[in-house]
Amino acid sequence: MTALSFRVRQATPADNAALLALDRRCVVAAATPVAFDRSPDFFARSQPYACWRVFVAEGDAGLIGVGAMALKRVLIGGEPIPAAYLYDLRVAPEARRMGVAGGVGDALRAYAQSLEPAIGYALVREGNVPSLTFVQGRGSRPLRSCALDLFRIDQVPEDDPARLRRLGDADLVPAHRLALAAHQDHDLFPYPNVAELGDRLSRLGGLGWEGLYGWESRGRLTGCFGLWDYSPVMRMRVLAPEGEWAWAAGRDLRLIFLMPVGFPGSEGAAEALRLAAARMRLLPSSDPTCVLAVPHDLEDELYAGLAQYQRIPLRFTLFGLDLAGTGTGSFGSRLIFMDSADL
Ligand SMILES: CC(C)(COP(=O)(O)OP(=O)(O)OC[C@H]1O[C@@H](n2cnc3c(N)ncnc32)[C@H](O)[C@@H]1OP(=O)(O)O)[C@@H](O)C(=O)NCCC(=O)NCCS
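Since we're looking at a predicted model, the values are computed, not measured.

Rules behind the numbers
Residues numbered from 1 in each chain as written. Predicted model: local features only at pLDDT ≥ 70, side-chain atom pairs only at ≥ 80, totals over all residues. Helix = DSSP H or I, 4+ residues; strand = E, 2+ residues; numbered from the N terminus. Rg over C-alpha atoms; globule rule 2.2 N^0.38 Å. Buried ≥ 20, exposed ≤ 12 C-beta atoms within 10 Å, placed from the backbone. Contact = placed C-beta atoms within 7 Å. Domains from an automatic or database assignment. Nonpolar A, V, L, I, M, F, W, Y, C, P; charged D, E, K, R; others polar. Axes fitted to C-alpha atoms, helices over the stretch in contact; angles between N-to-C directions. Parallel < 35°, antiparallel > 145°, perpendicular 65-115°, else oblique. Near = placed C-beta within 6 Å. Expected span 1.5 Å × (residues − 1). Pairing = 2+ DSSP bridges.

## What about the overall build of the protein chain?
Line of reasoning, step 1. The number of helices and strands found in the protein chain is six helices and 14 strands.
Line of reasoning, step 2. Scaling as 2.2 N^0.38, a compact globule of 343 residues should have a C-alpha radius of gyration of about 20 Å, and the protein chain matches this with 20 Å.
Line of reasoning, step 3. Along the first, second and third principal axes, the C-alpha set of the protein chain runs to 65 × 45 × 35 Å.
Line of reasoning, step 4. Every one of the 343 residues in the protein chain was classed for burial, and the buried ones make up 43%.
Line of reasoning, step 5. Taking as baseline every contact in the protein chain between residues at least 6 positions apart, the subset at least 24 positions apart corresponds to 76%.

## Points about the domain arrangement of the protein chain
Line of reasoning, step 1. As far as domains go, the protein chain holds domain 1 (6–145) and domain 2 (148–315 + 328–342).
Line of reasoning, step 2. Here domain 1 and domain 2 have C-alpha centroids that lie 24 Å from each other.
Line of reasoning, step 3. Contact residues are listed per partner, giving 31 residues for domain 1 and 32 residues for domain 2.
Line of reasoning, step 4. Of all elements in the fold, only strand S2 (34–37), strand S4 (62–76), strand S5 (79–91), strand S6 (119–125) and strand S7 (141–152) reach the threshold of two or more residues within the side of domain 1 that touches domain 2.
Line of reasoning, step 5. Among the residues making up the side of domain 1 that touches domain 2, the classes are represented as 18 nonpolar, four polar and nine charged.

## Let's talk about the packing of helix H4 (residues 172–183) against helix H5 (residues 194–203)
Line of reasoning, step 1. Interaxial distance between H4 and H5 falls to 9 Å at its minimum, and their mutual angle equals 105°. Classed by the angle they form, the pair H4 and H5 counts as roughly perpendicular. Every residue of H5 that contacts H4 at Leu 172, Val 173 and His 176 is listed here: Val 194, Leu 197 and Gly 198.
Line of reasoning, step 2. Residue classes in the contact of H4 with H5 are distributed as four nonpolar, two polar and no charged.

## Overview of the site of the ligand
Line of reasoning, step 1. Within the structure, the ligand sits among 22 residues, and Arg 96, Ala 101, Gly 102, Pro 130 and Thr 133 are positioned closest to it.
Line of reasoning, step 2. For the shell around the ligand, the elements supplying multiple residues, two or more each, are S5, helix H2 (100–114) and helix H3 (129–137).
Line of reasoning, step 3. The dominant element in the shell around the ligand, judged by the number of residues it contributes, is H3, at six residues.
Line of reasoning, step 4. Grouping the constituent residues of the shell around the ligand by class yields 13 nonpolar, six polar and three charged.

## Some words on H2
Line of reasoning, step 1. Here H2 is 15 residues long and its end C-alpha atoms lie 22 Å apart, about the 21 Å a rise of 1.5 Å per residue gives.
Line of reasoning, step 2. When we look at burial in H2, the residues that qualify are Val 100, Ala 101, Gly 103, Val 104, Gly 105, Leu 108 and Ala 112.
Line of reasoning, step 3. Directly beyond the C-terminal end of H2, a positive phi value near 55° is found at Glu 116.

## Topic: the sheet that holds strand S12 (residues 254–262)
Line of reasoning, step 1. Judged by pairing direction, the sheet is mixed, and its twelve strands sit side by side in the order S1-S3-S4-S5-S6-S14-S7-S13-S12-S10-S9-S8 without closing on themselves. Where the open sheet ends on each side, the last strands, each with one partner, are strand S1 (6–10) and strand S8 (164–166). The mean angle between the axes of side-by-side strands here comes to 30°, regardless of whether they run parallel or antiparallel.
Line of reasoning, step 2. Of the strand pairs in this sheet, S8 and strand S9 (residues 209–217) are connected by three bridges, and their pairing is antiparallel. Its bridge partner being in S9, Arg 165 is matched across the sheet by Gly 214.

## Structural notes on the pairing of S6
Line of reasoning, step 1. Counting buried positions along S6 yields six of seven residues, so the element is predominantly enclosed.
Line of reasoning, step 2. When S5 meets S6, the two strands line up parallel, connected through four bridges. Within the sheet, the bridge partner assigned to Ala 83 lies in S6 and is Ile 119.
Line of reasoning, step 3. With six bridges joining them, S6 and strand S14 (residues 312–321) adopt antiparallel strand pairing.

## Observations regarding unusual backbone geometry
Line of reasoning, step 1. Cis geometry is found at the peptide bond from Ser 39 to Pro 40, where omega equals 5°.
Line of reasoning, step 2. Mapping Pro 40 onto the fold places it in the loop between S2 and strand S3 (51–59).
Line of reasoning, step 3. Looking along the chain, the bond that leaves Met 259 and enters Pro 260 is cis, with omega of -10°.
Line of reasoning, step 4. Along the chain, the position of Pro 260 falls in strand S12.
Line of reasoning, step 5. Here Asp 88, not a glycine, exhibits a phi torsion of approximately 60°, which is positive.
Line of reasoning, step 6. Mapped onto the fold, Asp 88 is located in strand S5.
Line of reasoning, step 7. Judged by the 22 C-beta atoms lying within 10 Å of it, Asp 88 is buried.

Structure representation (structure tokens):
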């Protein structure tokens, strides 16, 4: 390893321009490599969390690395517990294999441990060999396979958007009940109670939050989803778009997350998707670069109904990290809920 002099410190708003430039240079490797445009605000990615911190590695000529962590309250085995989520690890191409990610990772780990989380976790794209090797070399264990399913709006069958009602604050309680009922045995569910769901949604104001929608049968709310246009946070560019990605050539994709979502059974997932697409078609902001994005555990039967529609799955591995020195317990033995904010 060549010696490289750098120091790790907490990021400040003054680092924004340098971080945007660094991020643009850090292609995330995988079978389909992607790059991101995070302008105008690198830190917008962290705003959905109540508690987060970004560390940077600074060399003689400027910033060469970054990494972030958020402390979240999530359900594990049905109990709300504090969990540390590690994300946004990037090192400038010319500074790689010189221990920069390791230095940033040490700072993140020390800070995370000071907050006393019960577990830590990270998500890595399948095929991202540098990152997969890095996290496993530092003791993280692969726990679950997950997917982010991307659906082109023009390929989702029609449904009647008039069946949808825009939900207001008064609907948060039944919407939370639906989302929790669908995912109550899922680890990492990030809204242990209604207040925490409300807190999350309020943080998305100004970050592309379109609103919460629901549909009813016999006068009762039976399904719901939020539409979160992630493009104010980041746009995704597929490099070398071929095959199923050919249509994305030259486009910056706008991911629209369905979150939170609650529905009965796997046909409900398909219904939520059709209704979300129907709603998106009505929005003046909708355009052909919009892609509906549904994250889920690969083994989750609840989302099996989505397989009938054409989709492009991006695969991730969830890694668990023992930050408390007590192991990660049964975390990983159950399905997980993939939080859109973690992607
Ligand atoms: C993943 C990444 C952050 C690693 O940064 P880095 O500063 O080069 O990592 P380090 O020098 O601290 O590497 C520590 C160890 O990780 C593993 N590793 C890092 N890069 C690797 C590679 N290209 N191939 C195989 N192993 C690798 C090795 O075990 C390495 O130890 P070694 O160099 O002694 O063999 C960097 O490659 C990167 O920014 N990639 C693009 C963005 C990205 O994919 N981020 C992760 C998103 S989840």
